[in-house]
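Fold and contact review
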Amino acid sequence: SNTPKVNRRMKGVVVEKTIIVGNTAFWLGKKAEDQKSHKWCCYVRGPNNEDISYFVKRVIFTLHPSFPNHIKPIETYPFEINEYGWGEFDISVKIYFVDSSER
């Protein structure tokens, strides 16, 4: 048919997607610098590491203020940051969806 495709909300329909928010950290050994003893990564991804950019538009990671440029907006897949550090701290992760009306 030649009917144009229209994106509309369907009343009463719920679509659920799984999003994994996680991190990894690796000790770099005794020869590492004191302030860079670990290499670490924080990520937002789908199960099995699949690309979620068809429904996630942007992820903003907010690190401890001791990091230079501690607010890290990531606009493309993979939605992850890789850094070096030495201690523990909380990271805020804010996810923006392609459809801004999603939650």
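Above this note sits the structure.
This text gives an overview of the structure that appears in the document.

Here the focus is unusual backbone geometry. With omega at 5°, the peptide bond leading from Y77 into P78 counts as cis. In this structure, N49 is a non-glycine residue whose phi angle is positive, near 65°. Tracing the backbone shows N49 in the loop between strand 2 (38-45) and strand 3 (56-62). Non-glycine residue N69 carries a positive phi angle of around 50°. Here N69 lies in the loop between strand 3 and strand 4 (71-74). Classification of N69 by relative accessible area gives exposed; the value is 66%.

Another aspect to go through is the sheet that holds strand 5 (residues 79-85). Within the open sheet, the 3 strands sit side by side as 1-2-5. Their pairing is antiparallel. Each edge of the open sheet is held by one strand with a lone partner, namely strand 1 (20-27) and strand 5. Averaged over all adjacent pairs, the angle separating strand axes in this sheet is 15°, with direction ignored.

Scanning the model with the defined rule gives 3 salt bridges in all. As a salt-bridge pair, R45 and E80 come within 3.6 Å of each other at their nearest N and O atoms. You can see R45 sitting in strand 2 and its partner E80 sitting in strand 5, a full 35 residues away along the chain. Residue R58 pairs with E75 through a salt bridge whose shortest N-O separation is 2.9 Å. Taken as a pair, R58 in strand 3 and E75 in the loop between strand 4 and strand 5 lie far apart in primary sequence, 17 residues in all.

Cut-offs used in this document
Residues numbered from 1 in each chain as written. Predicted model: local features only at pLDDT ≥ 70, side-chain atom pairs only at ≥ 80, totals over all residues. Heavy atoms only, no water. Helix = DSSP H or I, 4+ residues; strand = E, 2+ residues; numbered from the N terminus. Buried < 20%, exposed > 50% of the residue type's maximum accessible area, 1.4 Å probe, protein only. Pairing = 2+ DSSP bridges. Axes fitted to C-alpha atoms, helices over the stretch in contact; angles between N-to-C directions. Salt bridge = Lys/Arg side-chain N within 4 Å of Asp/Glu carboxyl O.

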